[in-house]
2 protein chains.
Amino acid sequence: MLMIDQLMEKIDEKSNPTVVGLDPLVQNIPKFIQTDAVKEFGNTRQGVSKAFLRFNLALLDQLHPLIPAVKLQMACYELYGEPGINVFNRTVERAHELNLVVIDDSKRNDIGSSAKLYAMGHLGKTPLFKGEEDVEKSDFLTINPFLGSDTISPFVDQLKENNKGVFILARTSNPSSKEYQEALIEGKPLYTKIAEDIHSLTLDNLGARGYSPIGAVVGATWPEEADQIRQAMPHAYFLVPGYGAQGATADGVIPSFDQQGYGALINSSRGVIFAYQNPKYQSKYSVENFAKSSAEAVKDMREDLLRSLSQAGKLPANW
Amino acid sequence: MLMIDQLMEKIDEKSNPTVVGLDPLVQNIPKFIQTDAVKEFGNTRQGVSKAFLRFNLALLDQLHPLIPAVKLQMACYELYGEPGINVFNRTVERAHELNLVVIDDSKRNDIGSSAKLYAMGHLGKTPLFKGEEDVEKSDFLTINPFLGSDTISPFVDQLKENNKGVFILARTSNPSSKEYQEALIEGKPLYTKIAEDIHSLTLDNLGARGYSPIGAVVGATWPEEADQIRQAMPHAYFLVPGYGAQGATADGVIPSFDQQGYGALINSSRGVIFAYQNPKYQSKYSVENFAKSSAEAVKDMREDLLRSLSQAGKLPANW
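Fair warning: this is a prediction, and the values are worked out from it, not measured in the lab. (Residues numbered from 1 in each chain as written. Chains lettered and ligands numbered in written order. Predicted model: local features only at pLDDT ≥ 70, side-chain atom pairs only at ≥ 80, totals over all residues.)

Student: Can you walk me through the pairing of strand S12 (residues 264-268) of chain B in this structure?
Tutor: The side chains of a regular strand alternate, first on one face of the sheet and then on the other. Residues and elements named next belong to chain B. Most of S12 sits inside the fold, with five of its five residues counted as buried. Of the two faces of S12, both are covered, the one formed by Ala264, Ile266 and Ser268 as well as the one formed by Leu265 and Asn267. In terms of strand pairing, strand S1 (residues 18-21) meets S12 through three bridges, oriented parallel. Note on S12: the bridge partner recorded for Thr18 is Ile266. As defined by bridge partners, strand S11 (residues 236-240) adjoins S12 across three bridges and the pair is classed as parallel. When the bridges of S12 are listed, Leu239 appears paired with Leu265. (Buried ≥ 20, exposed ≤ 12 C-beta atoms within 10 Å, placed from the backbone. Helix = DSSP H or I, 4+ residues; strand = E, 2+ residues; numbered from the N terminus. Pairing = 2+ DSSP bridges.)

Dropping the structure here:
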């Protein structure tokens, strides 16, 4: 089954279009985990990495029945060098054991030959002296389109070969995204040209339910555009950052969904994984049960999204 | 001394504006290194990584008297996971011992908070439970500007804090770069707008010789534009890929230099590091002396560049 169909199946299974960003930050890791890690591994990169792993595994344990997918922000792990990369890989493995789809949020790209190496490294197999090694990888990768189509095609080749997927940055959620993403091509903003190009790519890669494993990152902070971008890329699943901590509301992300309530995966990172610091959940669970606060936050987010989907007449009947 | 002045000092010391790309590829590693690595570590990622390290160290040993800097394409190392990252770091350390400037060619970026983590990870210090660890890092990092200025400023902050530098992609050397990089902003192509924005950033960061640690990546395959971009960013050093394997000639890269013969660092990767496979050098050195072929290739490249600089009346007097 194509990776996009596997994702949609899990979204239906959990009746939830939420992806949780496992983006650990040292200053927000619960104190008791910090204390234990320092005791065992010292105040070192190794220690922080072990704390991240324990944090992630506890979250996965509580959250996996509730969500279809997790997203790992590579910058959080890469910062810690080799032990950080180790935690990234072990988190991917555990998420797969728990039947979650995993999105590798690395936003990689480079010119042709290097793009191919990144594509193999994040979605494919590793070339050895003889043959290749099939290391466990994430299911989707985010990529940056700035360098143009000849740098995107190596990722498309690899995702086809390995039954994976990508989300291509079309419109990011940060305030400055307009500076370059609104440059004009034939009178239309760059992000709509990128959307058209992604649309062309999706036509060649359709899953059973009309979506392609080639999707798009569309920031939830620009709802007025999401509607237009949604129509421009009817076969591209949207990965939508910006809900919660970045200020987007459930109503704001609704235009990213199609009329049937599919087509968008809404990400929340800090709002979920650090929910134990939120007064709303603090009274209910001790710090030791931080992952239960996160589960509550996921349930609240799901309810919020489903309410808005319902109001918009987009709620899938079987949810 | 600002990092850009250190780089210029080394360029003068070696009378050479060449940077060598240490971009190992498993299929091009000399057979005797492959054989030894397989014997000791097996046909594994660890084995390939050890072969890359031996290859890099031999190249550094022969090339360091001839060049001011090396550039490491991260995709080559990241492909091999933790052992690959280890080789990247050990190569950086050895290059520093040999007094070379090191460029981390990772082309990173993401939205604000993640951009900061990438900036710390590649140019800064690593936050621990208490305080920070000062891990040895490269001197310059390549970054992708697509997401806009609020994603570039975390890198500027980190380079100032740690006396490092960046090269921001302005115009890449691949055929498809025109697709998005020529979108129009106020009637001018996006890459010139990016150049103007880089120019603004350089004004705040000038070294003793008029250049800023904030530079630009400008592909050598577009010489007719390089002249115009050179004028738009008089204080930005250019990292110029595309010489050799990508088809650009010495004459083609001349517009990237200023009238005094500074302002550009010309990269060659495959043409130098795999020179032992070039019939021109094969007759002179055995495979075991592959790094001597690379040294010859660097000398030939330098001669080629200096001849063209001289013809253009740009050759620095003291070279």
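Student: Could you clarify how one ought to interpret the relation of the copies chain A and chain B in this entry?
Tutor: Both copies of the chain are tied together by a single rotation about an axis and a shift running along it. Each copy superposes on the other: chain A lies on chain B with an RMSD of 0.0 Å after a rotation of 180° and an axial shift of 0.0 Å. In the structure described here, the two chain copies are related by an operation that fits a two-fold rotation axis. When the interface residues of chain A are mapped onto chain B, 98% of them again lie at the interface, so the same face is used by both copies. (Least-squares fit on C-alpha atoms with pLDDT ≥ 70 in both. Contact = placed C-beta atoms within 7 Å.)

Student: For this particular structure, what's the right way to read the pairing of strand S7 (residues 165-171) of chain B?
Tutor: Residue and element names in this part refer to chain B. Of all seven residues making up S7, seven are buried, and the element is well covered by its neighbours. Relative to S7, strand S6 (residues 140-143) runs parallel, the two sharing four bridges. Paired with Leu141 across the two strands is Val166, which belongs to S7. Viewed along the sheet, the connection from S6 through helix H7 (residues 149-162) into S7 turns out right-handed. In terms of strand pairing, S7 meets strand S10 (residues 212-218) through five bridges, oriented parallel. Bridge assignment links Arg171 to a residue of S10, and that residue is Val218. (Right-handed = clockwise from strand over helix to strand, strands pointing away.)

Student: Sorry, what's going on with the interface of chain A and chain B here?
Tutor: Often the size quoted for an interface is simply the accessible area lost on bringing the parts together. Contacts between the two partners involve 57 residues from chain A and, on the opposite side, 57 residues from chain B. If one sorts the elements of the side of chain A that touches chain B by residue count, helix H6 (residues 112-123) of chain A sits on top with six residues. Of the residues belonging to the side of chain A that touches chain B, the class tally is 26 nonpolar, 22 polar and nine charged. (Nonpolar A, V, L, I, M, F, W, Y, C, P; charged D, E, K, R; others polar.)

Student: I would appreciate a short explanation of the sheet that holds strand S2 (residues 69-73) of chain A in the present structure.
Tutor: Within a sheet, adjacent strands bond to each other through the backbone by hydrogen bonds, running parallel or antiparallel. Residue and element names in this part refer to chain A. Judged by pairing direction, the barrel is parallel, and its eight strands sit side by side in the order S1-S2-S3-S6-S7-S10-S11-S12 before closing back on the first. Strand-to-strand twist across the sheet, computed as the mean angle between neighbouring axes with direction ignored, equals 30°. The pairing of strand S3 (residues 101-108) with strand S6 (residues 140-143) spans three bridges and is parallel. Of the residues in S6, the one forming a bridge with Arg108 is Ile143. (Axes fitted to C-alpha atoms, helices over the stretch in contact; angles between N-to-C directions.)

Student: Just checking my understanding: could you explain the environment of Met8 of chain B for this structure?
Tutor: Mapped onto the fold, Met8 of chain B is located in helix H1 (residues 3-14). Apart from residues lying up to four places away in sequence, Met8 of chain B is in contact with Arg209, Tyr211 and Tyr262 of chain B.

Student: Looking at this structure, how should I read helix H9 (residues 190-203) of chain A?
Tutor: Side chains three or four residues apart in an α-helix point the same way, a direct result of the helix having 3.6 residues per turn. Helix length check: H9 of chain A (14 residues) gives 20 Å between terminal C-alpha atoms against 20 Å at 1.5 Å per residue, within 8%. The complete set of buried residues in H9 of chain A reads Leu190, Tyr191, Thr192, Lys193, Ile194, Ala195, Ile198, Leu201 and Thr202 of chain A. (Expected span 1.5 Å × (residues − 1).)

Student: Looking at this structure, I do not really get the sheet that holds S10 of chain B. What am I missing?
Tutor: One closed barrel holds the eight strands; their spatial order is S1-S2-S3-S6-S7-S10-S11-S12 (chain B), and the pairing between them is parallel. Direction aside, the axes of adjacent strands within the sheet are offset by 30° on average.

Student: Before we go on, may I ask you to explain the nonpolar core in this structure?
Tutor: Note on soluble globular proteins: their nonpolar side chains tend to be buried together. Counting residues in each nonpolar core, the largest one holds 208 residues, and the members touching the most others are Ile168, Ala170 and Ala216 of chain A together with Ile168, Ala170 and Ala216 of chain B. Not counting residues within four places of it along the chain, the set of residues in contact with Ala216 of chain A comprises Phe167, Ile168, Ala170, Ala195, Ile198, Met233, Ala236 and Phe238 of chain A. (Core = buried A, V, L, I, M, F, W, Y, C linked by C-beta atoms within 7 Å.)

Student: Looking at this structure, how should I read the environment of Val101 of chain B?
Tutor: All names here are of chain B. The residue Val101 is located in strand S3 (residues 101-108) in this model. Spatially, the C-alpha atom of Val101 lies 9.2 Å from that of Val19, the residues being 82 residues apart in sequence. When residues no more than four places from it in sequence are discounted, the contact partners of Val101 are Gln6, Leu7, Lys10, Pro68, Ala69 and Asp139.

Student: Any chance you could explain unusual backbone geometry here in plain terms?
Tutor: Of all residues except glycine, most have a negative phi; of all peptide bonds, most are trans. Residues other than glycine seldom take positive phi values, yet Glu186 of chain A does so here, at roughly 50°. For Ser15 of chain B, which is not a glycine, the phi torsion comes out positive at approximately 45°. With respect to the secondary-structure elements, Ser15 of chain B resides in the loop between H1 and S1. Ser15 of chain B gets classed as partly exposed once you count the C-beta atoms within 10 Å, which come to 14.

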